[in-house]
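Reading the structure
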Amino acid sequence: MGTNEPNTQHDDDRQRLLEEIRRRAEADELKRIEEEERSSGGGFGQNADGEASSPFPTLQGQVPSPVSGKSETGQRVVILRERLGIAIDRGNLENARDLLDELEALDPADPSLPGFHDRLAFAAIRELDAEAAPQAIPEPEPPESIPETLPPPPPPVSAPASAPAASAHLNERISDLLDSVHGLYEQEKYEQSLQTLNQVFLLDPEHTEALALRQKIEDAWQLAEVIKQEAARHRAAEPLPAPAPKPVVPASGKDSDFWGPTEMPMDRADPIAGIPDVAAPAPPRKAKEPTLDRLATHVSKVRVPVKPILTVVGIAVVAIAAWLVIGQLVQAVVPPDRVVCVFPPTITPGQTNDGAIADGFVEDLIHDLASVASIRVVGPTTSFTLRERSAKPAHVARGLAAGFFIQSDLAFDGERCAGSFTLMDTVTLEPKWQTRIECAIEDLPARRIELARGLLTAMDIEIGDEEQYLLRPSSRRSSAGYHAYLVGRALVQTGDPAALGDARDMFQQAVQQDSLLGDAWAGLGWANILVLDRLTVSPSHETPRILSYVQHAVTNGAHRAETFRVWGMIELMNRDYAKAEARMQEAVEVSPSDAEALKQLARILTLRGKTDDALHAALRAVAIDPLNPSSHAMAGLVHQFRGEFKEAEESYRRAIQEDRQDLEVAELHACVMVYLQRADEALNVVADLTSRDRTDPVAHYQFGRMAQTAGRPKVEWTASFERARTLLEERLRAGPDDAPSLALLALTQTRLGAFRDAGVAMERALSLASGDSRVLHAAARMYALQRDKEKSMTYLTQALDIRYDLQAIVDMDLFNLRTDEEFLRSVTR
């Protein structure tokens, strides 16, 4: 206890002296400011021109406002500047803020305003730091005598007003000097540190860090001297205790007894006995470093065993690569036995629609097999594309990672059908199961279910309870009705937009002939959905009629993916996005291998902002239907929406390989190549599109914006925009009320910098077709190019409410808004 009390008293005295020094320094500074105010007549003097002058130095970058002293406004500005400087220096921040607001209102162009803003911000930061620091309790005043041994600061050397910022060499020199000062300060060599600091002031008299460091060193030096005096006073006032007795050495006959003890006697005081050790004065406490700096210091001291980690990572990478390669080789040689590919049927020539009937029958068989969750069935688009391939079926099936493939041939004789089906193993190339059918056309639905069950049994696939319901035996159907249904099914499968009208007619004929044919009602609904989904105006007036088709399909037992697909798209067009997602999820659950349901689900999930799930659904569609270009296009759109341009480019390239006539996908491919710094390839793609139809203004506009975005010479893209404008003006002379052409003209004018003409054209387009999604989308693109974010978001939201189009969202004209959070909110629901 005798040791702790003097130490505690020592620390208390030290804190008390430190607070007194700070208090006196602040009082002296306030006194100096008041004396300067009084000597200058209220705080303001007059310069040679008769203007008020400030007693404080002007910050770097501040230039006094050229206001005449005879002007009342000028006088007021000068007075406000002086008062503002005094208020900031005194720490009266509330008054300083009021004065700054008044000065800004009086002269917004005053060049001193930025400097005052900076000074006020620094003062506020200092005030917050002072509030955060622990407040000391006031103590009695320290001794009066404080040595005045501090070296005087060097005279300030003002730099020329027109001098620029310090050069890199000067900054480096100042940094080296400051490092040296810090080192001397930490070693408590205060005099040497101040002498070195004077060299910094010779280079930069207003250096903020140097000024703060000088004040810190002076305070520490004075504190150290005070502590020395206090320590000496304590030592003089406290009597020294009697020395402890030396330990007695016991007598013995050993050599050590003669020569004395092996350990020397303890002459020094034992702290436990109550004699304190006189310690050297403790150095001043350093300010606590920021948490981030301390964390970086600790992390930098951690030694990571790099070599073992790299070795382990290398072994893991090699193992994973080997596993992938071996897995691919095994899959190529021995494909998984849970994947099956149904090849298109071989048609024996007969009556007119024999081919369409056979294709419709095999497509229905694919949908039946796809309803079983434990296998994966290659999509119908890929299957029917294989008809054009000359490779052997076994090689094609292995390329699709299928363990089985099914071959068939069908022949028709009037109202009867005959054919054979063979299940082949891609490894052994031997038939695993064969059957032959021969029946009337109206009996084909029941035979199709029997055929699906036989194939599943041959592949050792177990059928669940729900799948038992889907694969239940079908009753006898109307020959004419089922014939029309199969033809409609084949027309939809072609993917030709022009054939959709004929498909609707065939499905309508089928339900007229057989109103209990649920599959025909579902097909009629899907054909109508495909037509409505291409419209540029709201299709909501048509959705009640299509919903009635869904009700007929469900009532008549068409519990298949197509029924729920139609239902989900109706909810999407009615803007009930939560129900649309739920219905499309049901479609996927009913038929896990339905690629069309997965594509539409990816579209809806993107709309809902669930991009991870959307990408998963899109990639599943690609795996199921790999030769379908729309599957790859959907995956590319989701990738591009997520900003994954490399993956998007690969998806678009695959889509183009399958369909080189799809100009929209080719344009998307060119866009992402520009983003990937492959401008030359992108321009070649767009140039090819332009060369296909030189009278198409859209192609010229696309080439112009691609060249402009790629940074090509102005003459290149300007010529394309001029050509597009000429073609559009010719088209508008023939049809002045062509709203899409007016909207494209507005975009072209915007790219050429004619904003006023663009606005006039867009206003007319919107007045002619305010409910056309193409025109609304063009308006969103135009305002995005003109940097009017609010209007762009408004028109884009309206366009997407009519038709949710991912291609419209990822359009290049909207690229500047892609990173804006408000943009993401406007394109998701």
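Residues numbered from 1 in each chain as written. Predicted model: local features only at pLDDT ≥ 70, side-chain atom pairs only at ≥ 80, totals over all residues. Heavy atoms only, no water.

**Quick look at the overall build of the protein chain**
Counting its regular elements, the protein chain contains 35 helices and eight strands. Of all 829 residues assigned to the protein chain, the portion counted as buried reaches 43%. Long-range pairs, those at least 24 residues apart, make up 62% of the contacts in the protein chain with a sequence separation of at least 6. (Helix = DSSP H or I, 4+ residues; strand = E, 2+ residues; numbered from the N terminus. Buried < 20%, exposed > 50% of the residue type's maximum accessible area, 1.4 Å probe, protein only. Contact = heavy atoms within 4.5 Å.)

**Observations concerning a negative patch on the surface**
A contiguous patch of negative charge, built from Glu172, Asp176, Asp179 and Glu209, is present on the exposed surface. Here the negative patch takes three residues from helix H5 (residues 168–186), the largest share from any one element. Among the secondary structure elements, Asp179 is positioned in helix H5. (Patch = residues over 30% accessible without salt bridge, like charges linked within 9 Å, V, L, I, M, F, W, Y side chains within 5 Å. Areas by Shrake-Rupley, 256 points an atom, 1.4 Å probe, with all protein chains shown as cover. Salt bridge = Lys/Arg side-chain N within 4 Å of Asp/Glu carboxyl O. Lys, Arg positive; Asp, Glu negative; His and termini not counted. Charge placed at Lys NZ, Arg CZ, Asp CG, Glu CD.)

**With respect to the side chain of Asp813**
Among the structural elements, Asp813 can be located in the loop between helix H34 (806–809) and helix H35 (821–827). Engagement of the side chain of Asp813 in a polar contact is seen with the side chain of Arg705, the distance being 3.2 Å. Within the structure, Asp813 has its side chain in polar contact with the side chain of Arg781 (distance 2.9 Å). (Polar contact = N/O pair within 3.5 Å; in protein donor to acceptor, adjacent residues only side chain to side chain.)

**So, the nonpolar core**
Core analysis: the largest hydrophobic core is formed by 155 residues, its most contacted members being Phe361, Leu444 and Met706. With nine residues, helix H26 (residues 663–675) is the single largest residue contributor to this core. When near neighbours in sequence (up to four residues on either side) are disregarded, Met706 contacts Glu667, Ala670, Cys671, Val674, Ala682, Leu683, Val686 and Met812. Within the second largest apolar cluster, 16 residues are counted, among which are Leu194, Val200, Phe201 and Trp221. (Core = buried A, V, L, I, M, F, W, Y, C linked by side-chain atoms within 4.5 Å.)

**So, the pattern of salt bridges**
Following the criterion strictly, the structure yields 37 salt bridges and no others. With a closest N to O distance of 3.7 Å, Glu822 and Lys789 form a salt bridge. Taken together, the residues Glu822 in helix H35 and Lys789 in helix H33 (residues 789–802) connect sequence positions 33 residues apart. Among the residues examined, Glu822 registers a relative accessible area of 31% and is labelled partly exposed.

**Some thoughts on the pairing of strand E6 (residues 404–413)**
If a strand is regular, its side chains alternate between the two faces of the sheet. Of the strand pairs in this sheet, strand E3 (residues 339–342) and E6 are connected by three bridges, and their pairing is parallel. Note on E6: the bridge partner recorded for Val342 is Ile406. Bridge analysis of strand E4 (residues 346–347) against E6 gives two bridges, and the strand direction is parallel. The residue of E6 that forms the bridge with Thr346 is Asp409. Hairpin connection from E6 to strand E7 (residues 416–425): two residues lie between these consecutive antiparallel strands, with Gly414 at a positive phi of about 70°. (Pairing = 2+ DSSP bridges.)

**What to know about the pairing of E3**
Burial along E3 is two-sided: Val339 and Cys341 and Val340 and Val342, pointing in opposite directions, are all buried. As paired strands, E3 and strand E5 (residues 376–377) are joined by two bridges and run parallel to one another. Bridged to Val340 within E5 is Val377.

**Comments concerning helix H24 (residues 629–641)**
Given 3.6 residues per helical turn, the α-helix brings residues three or four places apart onto the same face. Between its first and last C-alpha, H24 extends 18 Å over 13 residues, near the 18 Å set by a 1.5 Å rise per residue. Counting buried positions along H24 gives twelve out of 13 residues, so the element sits mostly inside the fold. Listing the buried residues of H24 in full gives Pro629, Ser631, His632, Ala633, Met634, Ala635, Gly636, Leu637, Val638, His639, Gln640 and Phe641. Packing partners of the buried residues in H24 comprise helix H22 (595–607), helix H23 (611–624), helix H25 (645–658), H26, H34 and H35. Where H24 ends, the next residue or the one after it, Gly643, has phi of about 80°, a positive value. (Expected span 1.5 Å × (residues − 1).)

**A few points about the confidence of the model for the protein chain**
Taken residue by residue, the protein chain gives an average pLDDT of 77. The fraction at 70 or more is 71%. Note on residues 41–70: pLDDT is under 50 here. Beyond four places in sequence and across chains, it has 57 contacts. Predicted confidence is poor over residues 326–336, with pLDDT under 50, and the contacts of this stretch with residues over four places away or in other chains come to 15 contacts. (pLDDT = per-residue confidence, 0-100.)

**A closer look at empty space enclosed by the protein**
The final tally for this structure, using the stated rule, is two cavities of 30 Å³ or more. Roughly 100 Å³ of internal volume is contained in the largest cavity. In terms of lining residues, the largest cavity is bounded by 14 residues, among which Asp533, Met573, Ile802, Arg803 and Tyr804 are the most central. When contributions to the lining of the largest cavity are tallied by element, the ones reaching two or more residues are helix H20 (561–573) and H33. Per-element accounting of the lining of the largest cavity gives the leading share, three residues, to H33. (1 Å grid on protein atoms, 1.4 Å probe; cavity = no way out; pocket = protein on both sides within 12 Å on 5 of 7 lines; lining within 4 Å. Points joined across faces, edges and corners; volume = space filled by probe spheres on them.)

**A closer look at the side chain of Ser479**
Tracing the backbone through its elements, the reader meets Ser479 in helix H16 (residues 479–493). Polar contacts involving the side chain of Ser479 include one to the side chain of Glu415, which spans 2.6 Å. There is a polar contact of 3.5 Å between the side chain of Ser479 and the side chain of Glu442.

**With respect to H20**
An ideal rise of 1.5 Å per residue puts 18 Å on 13 residues; H20 measures up with 18 Å between its terminal C-alpha atoms. Among the 13 residues that make up H20, twelve are buried, leaving the element largely enclosed by the rest of the structure. Buried within H20 we find Ala561, Glu562, Thr563, Phe564, Arg565, Val566, Gly568, Met569, Ile570, Glu571, Leu572 and Met573. Once H20 finishes, Arg575 follows within two positions and takes phi at roughly 65°, a positive value.

**Looking at the state of the cysteines**
In the structure shown here, the tally under the stated rule is zero disulfides. The thiol of Cys417 is unpaired, and the distance to the nearest cysteine sulfur, on Cys439, comes to 5.8 Å. A relative accessible area of 2% means that Cys417 is categorised as buried. (Disulfide = S-S within 2.5 Å.)

**Observations regarding the environment of Val492**
Here Val492 is to be found in helix H16. For the pair Val492 and Trp526, spaced 34 residues apart in the sequence, the C-alpha separation amounts to 9.0 Å. Beyond its immediate stretch of four places on either side in the chain, Val492 contacts Ala503, Phe507, Trp526, Ala527 and Leu530.

**Regarding the packing of helix H28 (residues 697–709) against helix H29 (residues 714–734)**
Pairs of packed helices are described in terms of their axes, by the angle between the two and the distance that separates them. At a minimum axis separation of 8 Å, H28 and H29 run at an interaxial angle of 160°. Looking at the two axes, H28 sits roughly antiparallel to H29. For the element pair H28 and H29, the recorded crossing hand is left-handed. Every residue of H29 that contacts H28 at Pro697, His700, Tyr701, Phe703, Gly704, Arg705, Ala707 and Gln708 is listed here: Trp717, Ser720, Phe721, Arg723, Ala724, Leu727, Leu728 and Arg731. Considering only residue class, the contact of H28 with H29 consists of nine nonpolar, four polar and three charged. (Axes fitted to C-alpha atoms, helices over the stretch in contact; angles between N-to-C directions. Parallel < 35°, antiparallel > 145°, perpendicular 65-115°, else oblique. Left-handed = near helix turned anticlockwise from the far one by under 90°. Nonpolar A, V, L, I, M, F, W, Y, C, P; charged D, E, K, R; others polar.)

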